[in-house]
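Understanding the architecture of this molecule
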Amino acid sequence: MSSKFIGIILGLPILFLGMWGVILSFQINSGIEVRLPIMGYDPRDLLSGHYIQYQIDWENADCRQFENGICPEDEFCVEGRWGGKQCRFYIPEEHAEALDKLFIKRNDEDLVFEVVYSYKKGFKPMAKELLINGKDWREAI
Amino acid sequence: MKLKKKIDKWVENELISEAQGNSILKFEQKYNNGIFGKTAFIIAGLLIGLGICLIVASNWDEIPTILKVLGCFGMLGAFSYNAYKNILAKNEKLTELFLILAFLMVGATIGLFGQIFNLDGGFNSFCTGWALLGTPYVLLSKSVRFNIVWGVLLLKVWDIFTYTKSLSSTFFMAVFFIMISIGCYILIKKTNISLKLPKALSKLFMFIAYALICKIGFKYGLDRFFYNSNISFEVIMANIIVFGFLGGYMWFAIKKQDISLFKRNTFLLEIWIFILFASVYENLFMSGIGFILSGLAILGMIKILKKTSKFIQNMEAFK
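The structure presented is a predicted model; accordingly, all values stated were derived computationally and were not measured.

1. Remarks on the overall build of chain B
In terms of regular secondary structure, chain B is built from 14 helices and 0 strands. When the helices and strands of chain B are placed in sequence order, the string is α-α-α-α-α-α-α-α-α-α-α-α-α-α. Within chain B, the proportion of its 319 residues that are buried is 38%. A total accessible area of about 18800 Å² is found for chain B, and carbon and sulfur atoms account for 67% of it.

2. Here's the deal with the nonpolar core
Within the largest apolar cluster, 75 residues are counted, with the highest numbers of intra-cluster contacts made by A:Leu10, A:Leu17, B:Phe103, B:Val106, B:Tyr137, B:Phe177 and B:Phe245. Here A:Leu17 is in contact with B:Phe73, B:Leu76, B:Val106, B:Thr109, B:Ile110, B:Phe113 and B:Leu133, once residues within four sequence places are set aside. One finds A:Tyr54, A:Ile56, A:Phe66 and A:Cys77 within the second-largest nonpolar core, a separate group that totals 29 residues.

3. Quick notes on the pairing of strand β6 (residues 113-119) of chain A
All names here are of chain A. Within β6, 7 of the 7 residues are buried, leaving the element largely enclosed by the surrounding structure. What you see with β6 is no split at all: Phe-113, Val-115, Tyr-117 and Tyr-119 on one side and Glu-114, Val-116 and Ser-118 on the other are buried throughout. Bridging between strand β1 (residues 32-40) and β6 involves 6 bridges; their strand directions are antiparallel. Bridge assignment links Ile-32 to a residue of β6, and that residue is Tyr-119. Hairpin geometry of β6 and strand β7 (residues 126-132) is characterised by an intervening segment of 6 residues between the two adjacent antiparallel strands and by a positive phi of about 90° at Gly-122.

4. Thoughts on helix α5 (residues 92-116) of chain B
For α5(B), with 25 residues, the first-to-last C-alpha span of 36 Å sits near the 36 Å given by 1.5 Å per residue. Within two residues after α5(B), B:Asn118 carries a phi angle of roughly 50°, on the positive side.

5. Quick look at the interface of chain A and chain B
With 30 residues of chain A at the contact, the number on the chain B side is 27 residues. Per-residue buried area on chain A facing chain B is highest for A:Leu10, A:Leu17 and A:Tyr90; these three make up 26% of the total on that side. The interface formed by chain A and chain B holds 0 salt bridges in total. Along the contact surface separating chain A from chain B lie 2 residue pairs in polar contact (both at pLDDT 80 or more). Elements with a contribution of two residues or more to the side of chain A that touches chain B: α1 (3-30), β5 (85-90) and β7 of chain A. The biggest single contributor to the side of chain A that touches chain B is α1(A), with 15 residues. Here the residues of the side of chain A that touches chain B sort into 19 nonpolar, 7 polar and 4 charged.

6. What about the confidence of the model for chain A?
Note that predicted coordinates carrying low pLDDT should not be read in detail. All names here are of chain A. Confidence along chain A averages 81 in pLDDT terms, with 89% of residues attaining 70 or more. The weakest mean pLDDT in chain A belongs to strand β2 (residues 47-48) at 48; the strongest belongs to β6 at 90. This stretch, residues 43-48, has a pLDDT under 50; its non-local contacts, to residues over four places away or in other chains, come to 12 contacts.

7. What about a negative patch on the surface?
A cluster of acidic residues, A:Glu93, A:Glu94, B:Asp61 and B:Glu62, forms a negative patch at the surface. Mapped onto the secondary structure, B:Asp61 falls in the loop between α3 (35-58) and α4 (65-88). For B:Asp61, a relative accessible area of 32% translates into the label partly exposed.

8. A short note on a nonpolar patch on the surface
Together, A:Ile8, A:Leu12, A:Leu15, A:Phe16, A:Met19 and A:Ile23 make up a nonpolar patch on the protein surface, roughly 550 Å² of accessible area in all. Structurally, the position occupied by A:Ile23 is in helix α1.

9. Here's the deal with empty space enclosed by the protein
Residue and element names in this part refer to chain A. Under the counting rule described, the total for this entry stands at 1 cavity of 30 Å³ or more. Here the largest cavity defines a volume of roughly 30 Å³. Contributing to the lining of the largest cavity are Gln-27, Gly-31, Ser-118, Tyr-119, Lys-120, Phe-123 and Lys-124. Taken together, the residues of the lining of the largest cavity break down into 2 nonpolar, 3 polar and 2 charged.

10. Focus: unusual backbone geometry
Located in the positive-phi region is A:Asn68, a residue other than glycine, with phi close to 60°. Among the structural elements, A:Asn68 can be located in the loop between β3 (51-56) and β4 (78-79). In this structure A:Asn68 comes out as exposed when scored by relative accessible area, which is 68%. Although it is not a glycine, B:Glu14 sits at a positive phi angle of roughly 60°. Here B:Glu14 is to be found in the loop between α1 (2-12) and α2 (18-31).

11. A short note on the state of the cysteines
Residue and element names in this part refer to chain A. According to the stated counting rule, one finds 2 disulfides over all chains in the structure shown. Here Cys-63 engages in a disulfide with Cys-71; their sulfurs sit 1.8 Å apart. The S-S bond linking Cys-63 to Cys-71 shows a torsion near -105°; that makes this disulfide left-handed. A disulfide bridge connects Cys-77 with Cys-87, and the sulfur atoms are separated by 1.9 Å. Note on the Cys-77 and Cys-87 pair: the S-S dihedral is about 90°, so by sign convention the disulfide is right-handed. In this pair, Cys-77 is assigned in the loop between β3 and β4 and Cys-87 in strand β5, connecting sequence segments 10 residues apart. According to the relative accessible area criterion, Cys-77 is buried, its value standing at 5%. Owing to a relative accessible area of 1%, Cys-87 belongs among the buried residues under this scheme. Cysteine pairing in chain A follows 1-2, 3-4, where each cysteine in a disulfide is numbered by its order in the sequence.

12. Some details on the packing of aromatic side chains
All names here are of chain B. A complete count under the given rule lists 21 aromatic pairs over all chains for this structure. Centroid distance Phe-103 to Phe-146: 5.1 Å. Interplanar angle 85°. Geometry classified as edge-to-face. Here Phe-103 is found in helix α5, whereas its partner Phe-146 is found in helix α8 (residues 144-155), with 43 residues between them in sequence. There is no split in this pair, since Phe-103 and Phe-146 are both buried.

The rules we used
Residues numbered from 1 in each chain as written. Chains lettered and ligands numbered in written order. Predicted model: local features only at pLDDT ≥ 70, side-chain atom pairs only at ≥ 80, totals over all residues. Heavy atoms only, no water. Helix = DSSP H or I, 4+ residues; strand = E, 2+ residues; numbered from the N terminus. Buried < 20%, exposed > 50% of the residue type's maximum accessible area, 1.4 Å probe, protein only. Areas by Shrake-Rupley, 256 points an atom, 1.4 Å probe, with all protein chains shown as cover. Core = buried A, V, L, I, M, F, W, Y, C linked by side-chain atoms within 4.5 Å. Contact = heavy atoms within 4.5 Å. Pairing = 2+ DSSP bridges. Expected span 1.5 Å × (residues − 1). Buried area = accessible area lost by both parts, 1.4 Å probe. Salt bridge = Lys/Arg side-chain N within 4 Å of Asp/Glu carboxyl O. Polar contact = N/O pair within 3.5 Å; in protein donor to acceptor, adjacent residues only side chain to side chain. Nonpolar A, V, L, I, M, F, W, Y, C, P; charged D, E, K, R; others polar. pLDDT = per-residue confidence, 0-100. Patch = residues over 30% accessible without salt bridge, like charges linked within 9 Å, V, L, I, M, F, W, Y side chains within 5 Å. Lys, Arg positive; Asp, Glu negative; His and termini not counted. Charge placed at Lys NZ, Arg CZ, Asp CG, Glu CD. 1 Å grid on protein atoms, 1.4 Å probe; cavity = no way out; pocket = protein on both sides within 12 Å on 5 of 7 lines; lining within 4 Å. Points joined across faces, edges and corners; volume = space filled by probe spheres on them. Disulfide = S-S within 2.5 Å. Phe/Tyr/Trp six-rings, centres within 6.5 Å; stacked < 30°, edge-to-face > 60°.

Below you can see the structure in the form of structure tokens.
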């Protein structure tokens with residue numbers, strides 16, 4: 001193998017990762033922002049390490065945010081291991097416990113958990129922010 | 001030292017001269033003494049990589065996102081560049097070290113993107129993405145183990161056991177992996193390919209085939225084989241598959257005069273015969289008879305094999 005070929009081969013992963021990063025940043029910044037209420041994916045374990053697992057509460061979602069007022073449920077999240085759709089939002093681990101407690105008592109304290117998505121038709125929607133009663137989750141904890 | 005002892009013995013029995021013995025020893029020391037060094041380098045690579053990951057992880061939340069991304073790409077670039085330099089300098093150990101580090105860094109970068117952009121993908125898609133993007137490092141590596149790890153990551157996407165819910169599907173999946181394994185084996189034999197990937201894939205796919213055959217045997221082939229008068233077609237088929245697979249492999253080993261392969265499969269076949277008998281009888285007396293019968297079956301098998309192949313007659317295992 002020539003040194004040029006080896007150089008190209010070794011550069012490919014960096015190139016692809018860079019391109020992927022650019023595409024993801026474009027995607028997250030180019031869509032319209034939609035706000036969707038969430039509920040626990042698994043009520044026993046909402047928080048799992050660095051990310052929270054949740055489901056979108058489509059029954060209480062405002063579908064007017066989308067084209068023709070129809071919620072594109074299939075486009076959001078991925079199939080979970082135990083059935084149903086599962087979504088993720090990453091948080092620093094040190095705040096996991098506090099957030100978990102808030103989530104458990106959300107009904108008692110009238111807390112509304114929402115995730116702001118960047119949505120663009122034909123692209124995978126991307127979670128941008130986690131809101132508690134309309135404010136950034138950091139403020140709530 | 002094992003080789004030294006062997007050489008001394010050969011010299012003592014005048015099979016080779018002392019000068020030849022010394023030459024052999026020097027040759028072996030020069031070219032075949034790298035196992036410890038290679039393993040040490042691989043372990044060192046893993047430890048350094050994990051160490052860096054842990055240090056970064058301990059301050060993870062305080063580091064700005066852009067710095068994390070730049071750090072990841074910087075390290076990936078540095079490892080790749082060092083791998084490149086060492087490939088050109090023909091320094092195998094350092095090449096392996098930097099290829100492994102670069103490979104780990106690709107996984108770390110994917111994980112980082114997952115965090116930054118809140119990607120929903122699960123463990124399987126992470127493994128597949130990592131394997132695909134890490135392919136160049138694996139192609140350049142001379143370590144079969146590294147290649148196998150890569151293959152395992154890639155195969156996560158198939159989630160093999162979800163497709164093997166019946167005897168027939170498990171059987172066809174096993175056949176599929178055997179075929180690919182043979183394909184890789186032929187590729188190695190027929191071409192002067194210097195890549196380790198086909199060898200690693202051949203081993204990996206055959207290992208999966210073994211696992212699937214084990215599943216066939218234990219799940220479908222042990223339903224009171226000798227005890228049940230209404231023995232099902234499935235049980236018979238499962239045993240035909242297990243015996244066919246191991247027997248076929250033994251035949252292949254005889255043809256290729258591969259003693260270790262032959263021993264391994266004979267041992268597995270003996271174990272299987274023992275399990276078949278042991279799983280059937282329920283009281284001590286009957287179990288005793290079962291064990292004696294399984295021992296006799298194994299002895300009979302060895303006797304038949306000894307008679308049928310000249311190679312086996314001369315084999316070390318039967319002396």
